[in-house]
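Each chain is listed here by its residues.
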Amino acid sequence: MDSLINFTLTYDGNLKANGSREHKQEIRHVFHGQLYELWKHSPVKPSESLIKKIGNYSFFPLVVEGREEFVELEILMLRPDYGPGYIVQGGDIDNRLKTLFDSFRIPKDVNEIPSDTKKEEPFYCLLEDDILISKLSINTDRLLEPEKSNPYVRLIIHVQVKRLPLLGGNMMSILS
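All of these numbers come straight from a predicted model, not from anything done at the bench.

Reading the values: the criteria
- Residues numbered from 1 in each chain as written.
- Predicted model: local features only at pLDDT ≥ 70, side-chain atom pairs only at ≥ 80, totals over all residues.
- Heavy atoms only, no water.
- Pairing = 2+ DSSP bridges.
- Helix = DSSP H or I, 4+ residues; strand = E, 2+ residues; numbered from the N terminus.
- Axes fitted to C-alpha atoms, helices over the stretch in contact; angles between N-to-C directions.
- Contact = heavy atoms within 4.5 Å.
- Core = buried A, V, L, I, M, F, W, Y, C linked by side-chain atoms within 4.5 Å.
- Buried < 20%, exposed > 50% of the residue type's maximum accessible area, 1.4 Å probe, protein only.

## Structural notes on the sheet that holds strand β5 (residues 123-127)
- Strand order in the open sheet formed by three strands is β2-β3-β5, with mixed pairing between adjacent strands. One side of each edge strand has no neighbouring strand; the edge strands of this open sheet are β2 (52-54) and β5. Within the sheet, the average angular offset between the axes of one strand and its neighbour, ignoring direction, is 35°.
- The sheet strands contacting helix α1 (residues 21-40) are β3 (57-63) and β5, and the helix crosses β5 at an angle near 95°.

Below is the structure:
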């Protein structure tokens, strides 16, 4: 499987377990700016047909279900107070990661969009749905900065967008 595109996203800030819709949108907005820069410098321009309308907002996901694409994520999570490892002992990591994954995707409906959301046209997101994450690698280490405490993190997220290989079933659907 060839990579269609490789890039790195970063996030510095709080990553709360069971994050509210406001918290997820705040993180989503950080990624929006980085994904906008990615598209701005890409020879491929976003297709209007991929924009998803949710309420009064337009979202443009980089990876959508219907295109036989998926993502592989390699995450370096730097946290204060914890050295290498401590994935489980470092607090409610699974719910913190769920908050992160929800911020990668477009909102499922208007109830996931805070009323004070800044209107970007379109709002760039990594994924149409977080089910498009097919591989995940997480490394943790200690963030060596004073005056930072949980739930603060620094994330370096290497993203590989890949396409499903052409096999009998999906090759026939492409040819027909």
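## Regarding the nonpolar core
- One finds L73, F104 and L126 to be the most contacted residues of the largest nonpolar core, which totals 32 residues.
- If you list the elements that add at least two residues to this core, you get β1 (3-14), α1, β3, β4 (69-79), α2 (93-104), β5 and β7 (152-163).
- Counting residues in hydrophobic clusters, the runner-up holds seven residues, among them Y57, I106, I113 and C125.

## Regarding unusual backbone geometry
- We note that N18 has phi near 50°; this positive angle belongs to a residue other than glycine.
- Among the structural elements, N18 can be located in the loop between β1 and α1.
- For N18, a relative accessible area of 58% puts it in the exposed group.
- The backbone of E68 sits at a positive phi, close to 60°, despite the residue not being glycine.

## Some remarks on the pairing of β4
- With nine of its eleven residues buried, β4 lies for the most part within the structure.
- Pairing between β4 and β7: ten bridges, direction antiparallel. Note that in β7 the partner of L73 across the bridge is V159.
- In this sheet, strand β6 (residues 133-142) lies alongside β4 in parallel orientation, the contact comprising nine bridges. Bridging across to β6, L78 finds its partner in D141.

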